[in-house]
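Structural description and commentary
Okay, here's what each chain looks like letter by letter:
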Amino acid sequence: RELKEYILIFEISNHRAKVYFESIDKEREQIILKLNPQETALYYMIVKKSLIGDGLDWREHIPDSEKKALLSEYNEIYRIIGKANTVTEYKDRTQAHHIKNRIRAIKSIANVDIFIPEHYKSGDKSYYRIAATEKDIIFRENTTL
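First things first, this report covers the structure right here in the doc. (Residues numbered from 1 in each chain as written. Predicted model: local features only at pLDDT ≥ 70, side-chain atom pairs only at ≥ 80, totals over all residues. Heavy atoms only, no water.)

Turning our eyes to something else, we now look at the sheet that holds strand β3 (residues 30-32). The strand order β3-β2-β1-β7 describes an open sheet built from four strands, whose pairing is mixed. What marks the edges here is a single partner per strand, and that holds for β3 and β7 (137-142). This sheet shows a mean twist of 25° between the axes of neighbouring strands, independent of strand direction. Relative to β7, strand β1 (residues 6-13) runs parallel, the two sharing six bridges. (Pairing = 2+ DSSP bridges. Helix = DSSP H or I, 4+ residues; strand = E, 2+ residues; numbered from the N terminus. Axes fitted to C-alpha atoms, helices over the stretch in contact; angles between N-to-C directions.)

A word on the sheet that holds strand β5 (residues 118-122). Spatially, β4-β6-β5 is the arrangement adopted by the three strands of the open sheet, whose pairing is antiparallel. In the strand order of this sheet, the two ends are held by β4 (56-57) and β5, each with one partner. Where β5 meets strand β6 (residues 125-129), five bridges bridge the pair, whose relative direction is antiparallel. Pairing of His 119 across the sheet is with Tyr 128, part of β6.

Turning next to unusual backbone geometry. A positive phi angle is found at Arg 28, which is not glycine, with a value near 55°. Within the element layout of this structure, Arg 28 appears in the loop between β2 (16-23) and β3. Taking relative accessible area as the criterion, Arg 28 reaches 45% and is therefore assigned partly exposed. Within the chain, Lys 83 stands out as a residue other than glycine whose phi angle is a positive 55°. One can find Lys 83 in the loop between α2 (64-81) and α3 (93-104). (Buried < 20%, exposed > 50% of the residue type's maximum accessible area, 1.4 Å probe, protein only.)

With that settled, consider the side chain of Asn 111. Looking at the element boundaries, Asn 111 is found in the loop between α3 and β5. Discounting residues that sit within four places of it in the chain, Asn 111 has contacts with Lys 4, Glu 5 and Tyr 6. (Contact = heavy atoms within 4.5 Å.)

Here we come to the nonpolar core. Leu 8, Phe 21, Leu 42, Tyr 43, Tyr 90 and Ile 103 are the most contacted members of the largest nonpolar core, which has 40 residues in total. Of all elements in the fold, only β1, β2, α1 (37-52), α2 and α3 reach the threshold of two or more residues within this core. In contact with Leu 42, other than residues within four places in its own chain, are Leu 56, Trp 58, Tyr 74, Tyr 90, Asp 92, Gln 95, Ala 96 and Ile 99. (Core = buried A, V, L, I, M, F, W, Y, C linked by side-chain atoms within 4.5 Å.)

Another aspect to go through is the environment of Tyr 78. For Tyr 78, the location among the structural elements is in helix α2. For Tyr 78, a relative accessible area of 8% translates into the label buried. Put simply, Tyr 78 and Leu 42 are 36 residues apart on the chain and 8.6 Å apart in space, counted from C-alpha to C-alpha.

To continue, consider the pattern of salt bridges. Applying the stated rule across the entire model yields 13 salt bridges. For Arg 28, the salt bridge is made with Glu 22, and the minimal N-O distance between the two is 3.6 Å. The class for Glu 22 is buried, based on a relative accessible area of 9%. Residues Glu 89 and Lys 67 are paired through a salt bridge, measuring 2.8 Å at the closest nitrogen-oxygen approach. Remark: Lys 67 occurs in helix α2 and Glu 89 occurs in the loop between α2 and α3; sequence separation between them is 22 residues. Overall, the relative accessible area of 30% leaves Glu 89 in the partly exposed class. On the basis of relative accessible area, Lys 67 is assigned to the partly exposed category, the value being 24%. (Salt bridge = Lys/Arg side-chain N within 4 Å of Asp/Glu carboxyl O.)

Right, dumping it as structure tokens:
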């Protein structure tokens, strides 16, 4: 495959999530990003939080109210795509690592770096975030999210 520019698309509907890259040329070639439901929910959160702020909070000690809100948001997504499951912690370094590796493994995306979650730390702040902007991401949600 030749190197092309891509956008990232999340298609979330009841009990299904499809995460893929689509070329921005007229061919609209798609490359599926194979993630399990928890990785999908985590990547979704990282991308969403990167577009509206600094990224997904990854501090060691997040205030309870903030952590509850983030966990609730994560579980809303995970419940939809993970057969009604929920978790008690969204921060999983192994899953973050898997997401990075799966994206890096795709060799035909010219702008791949903007989609790879990076850990950012400054003082007491710690985030996972991507560099992509709203023009690089599409969310298609057919659900009660």
